[in-house]
Every structure is written in C-alpha cells, then in structure tokens.
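Each chain, letter by letter, is given below.
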Amino acid sequence: MSLLESAKKAAAFRAVDECVKDNDVVGVGSGSTVVYAVERLAERVQKEKLRLVCIPTSFQARQLIVDNDLSLGDLSRYPQLDVAIDGADELDSNFVAIKGGGGCLTQEKIVASCAKHFVIIADHTKDSQVLGEQYKKGIPIEVIPFAYVPVINKIKARYGGEIQLRMAKMKAGPVVTDNGNFIIDWHFPADKFDWKDVNTNINLIPGVVDTGLFVGMAHRAFFGYADGSVKEKICPA
C-alpha cells in the first residue's frame, strides 16, 4: 500500500470508529477514500454485530455496499440519516469543501443534507487554508446537457476564470453523471470569494443542477497521514 493510500485508510477507519454506532443509518460517499470506510463498516458489522443501513451516493457506492454484504437502503425509506461519511477534493479553513472530482456531487450533496452529521475523510493533501491552494482541477458543476454552453458563458461573465466541459477518458465525448447530465469544471481566478454567495448565484442559473461547493455542510473532518496518524478538525460554529 502506498503512503497516500495508508493515509486515506487511517482517516476512514478513524471516522467510522468514532462516528458510527449501532442502529445508525449511514450515508456512504464516493471515491477512493470511501472504499476504506466501507471496509471498516463491514469489519465492525462482522465483529460487533452492528445493525446498520447504508444509503449510497452513487453507483460506485451502491456496489461497495452490496459487495461488502452491508444492508442497502435508499432515501425514500430512510430520508433522515444519522451520519454521512464522504471524501472531499479539498477543504478550506472555513469548512467549505470542493467535491465532485468523481462526478457524483449532486447525489453526494443530497445525502449529506439528509444527515444529522456530515463527516469528511481524506488524506492530508486535501487540507487547505483556501480553496485552490492544493486542488487545481477547479469546482465541478453539474449541468443539464442542453444548457452547458449558456451556463459556462454566464459563470465566466460574472466571475471570470476558465471553464471546461469534462471529457471522458475511456469513451468518446463528455463525462455523463449518474443523473444523465454533464460536468463542467470551473477554474476560478485567484480572488477572494464569498463561497456561500457564489454557490447560491451559480445554482440560480437555469440549467445548473448543483455545484461541487459544499458550504456549511460538514461538521467534522479526518485527515490521514502516511504514518497512520489522523488530524481531526471540527467545524467552527
């Protein structure tokens, strides 16, 4: 296991151990760090006989839950979650996160919004003072395919920066989300932004489904290091 993978595993295991208890309904996020969280959930179910219901944020998360023989639920039956655990591409000092590098941002945000506690797990490279300090791939925005060009133009006119339609790597054409939409990635200029206002204003553009800005959502974050240590951060009130 690489040093970065060891860091991810340390953060995921610590979060599951501290934040999940018997009879919880658990939101299961997407991405590489969440793989270790699901591994730990399965271990605890086996050893401690925990009774959990897991709500996926994506097709990937659903498969992880099924493959690890965990109880699969959905928001129609469990609209209120005890905790949601998910990765992040970056988290700043104000607990604003960028998510959506894997293209699952809308479902991740819905699940997180239904949880009493939203917990972020990541390796230490995702811990920043300001957004864009370490994560250089921009803010993902899910858009209706019909509207992606007007949306791009409106964001650039208001905020500047560069925006690209995210293209698939193993197929011809753009990335298509689990919801059948496109992802655009906004490489914002190095200005000081009020991310709450930015998130609100972009979401008001017709054709935008949601942004990868998670503002005022996360309660705790666990950042893992290669030596197995974990730094915990708690959102300021």
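Our subject is the structure that appears above.
Within each chain, residues carry numbers counting from 1 in the order of the written sequence. It should be noted that, the model being predicted, local features are given only for residues of pLDDT at least 70 and side-chain atom pairs only at 80 or more, the latter also being counted only at that level, while totals for whole chains, interfaces and linings use all residues. The basis for the side-chain values is all heavy atoms of the structure; hydrogens and waters are excluded.

(A) Spotlight on unusual backbone geometry. Positive phi outside glycine occurs at Lys-49, with the angle close to 55°. Helical segments are the DSSP runs of H or I of at least four residues, strand segments are the runs of E of at least two, and each set is numbered from the N terminus. Mapped onto the elements of the fold, Lys-49 is located in the loop between helix H2 (32-48) and strand E2 (53-56). Per-residue accessibility, obtained with a 1.4 Å probe over protein chains only, is compared with the maximum for each type, and a residue is labelled buried under 20%, exposed over 50%, and partly exposed between these values. By relative accessible area, Lys-49 is classed as exposed at 60%. Its identity as a non-glycine residue notwithstanding, Asp-69 has a phi of 60°, on the positive side. Note on placement: Asp-69 falls in the loop between helix H3 (59-67) and strand E3 (81-86).

(B) Quick look at the packing of aromatic side chains. Put simply, two rings from Phe, Tyr or Trp (the six-membered ring, in Trp's case) pair if the centres are within 6.5 Å, and we call them stacked under 30 degrees between planes, edge-to-face over 60, tilted for the rest. Tallying each qualifying case throughout the model produces ten aromatic pairs. Relative to Phe-214, the ring of Phe-118 has its centre 6.2 Å away and its plane inclined at 35°; by these criteria the two rings are tilted. Of this pair, Phe-118 sits in strand E6 (residues 115-123) while Phe-214 sits in strand E11 (residues 213-214), placing them 96 residues apart in sequence. Assessed through its relative accessible area of 1%, Phe-214 is described here as buried. Ring geometry for Phe-188 against Trp-195: centres 5.0 Å apart, planes inclined by 75°, an arrangement best described as edge-to-face. Each member of the pair, Phe-188 as well as Trp-195, carries the same accessibility label: buried.

(C) Structural context of the pairing of strand E9 (residues 182-187). By the criterion of burial, E9 is predominantly enclosed, with five of the six residues buried. Between any two strands, pairing holds if DSSP finds at least two bridges. Relative to E9, strand E7 (residues 139-143) runs antiparallel, the two being bridged by five bridges. Residue pairing in the sheet places Ile-139 in a bridge with Trp-186 of E9. Bridge count between strand E8 (residues 162-165) and E9: four bridges; the pairing is antiparallel. Residue pairing in the sheet places Gln-164 in a bridge with Asp-185 of E9.

(D) How the structure looks around the nonpolar core. Take the buried Ala, Val, Leu, Ile, Met, Phe, Trp, Tyr and Cys residues and link them wherever side-chain atoms come within 4.5 Å; each set so joined is a nonpolar core. Core analysis: the biggest nonpolar cluster contains 29 residues, and Val-20, Val-28, Leu-41, Ile-85, Ile-121 and Phe-222 have the highest contact counts within it. Counting residues per element, the ones that place at least two in this core are helix H1 (3-19), strand E1 (25-28), H2, H3, E3 and E6. With seven residues, the single largest contributor to this core is H1. Setting aside chain neighbours within four positions, we find Phe-222 in contact with Ala-11, Arg-14, Ala-15, Glu-18, Cys-19, Val-119, Ile-120, Ile-121, Ala-122, Val-230, Lys-231 and Glu-232. With 25 residues, the next largest nonpolar core counts Val-143, Ala-147, Leu-165 and Phe-182 among its residues. Throughout, a residue-residue contact means that at least one pair of heavy atoms, one from each residue, lies within 4.5 Å.

(E) Local environment of H2. End to end, H2 covers 25 Å across 17 residues, agreeing with the expected 24 Å (1.5 Å per residue, within 8%). Among the residues of H2, those classed as buried are Thr-33, Val-34, Tyr-36, Ala-37, Val-38, Arg-40, Leu-41, Ala-42 and Arg-44. Summarising the contacts, the buried residues of H2 are in contact with H1, E1, E2, H3, E3 and E6. Every helix has an expected span of 1.5 Å times one less than the residues it contains.

(F) Seen up close, the environment of Ser-2. Looking at the secondary structure, you find Ser-2 in the segment before H1. For the pair Ser-2 and Ala-226, spaced 224 residues apart in the sequence, the C-alpha separation amounts to 8.4 Å.

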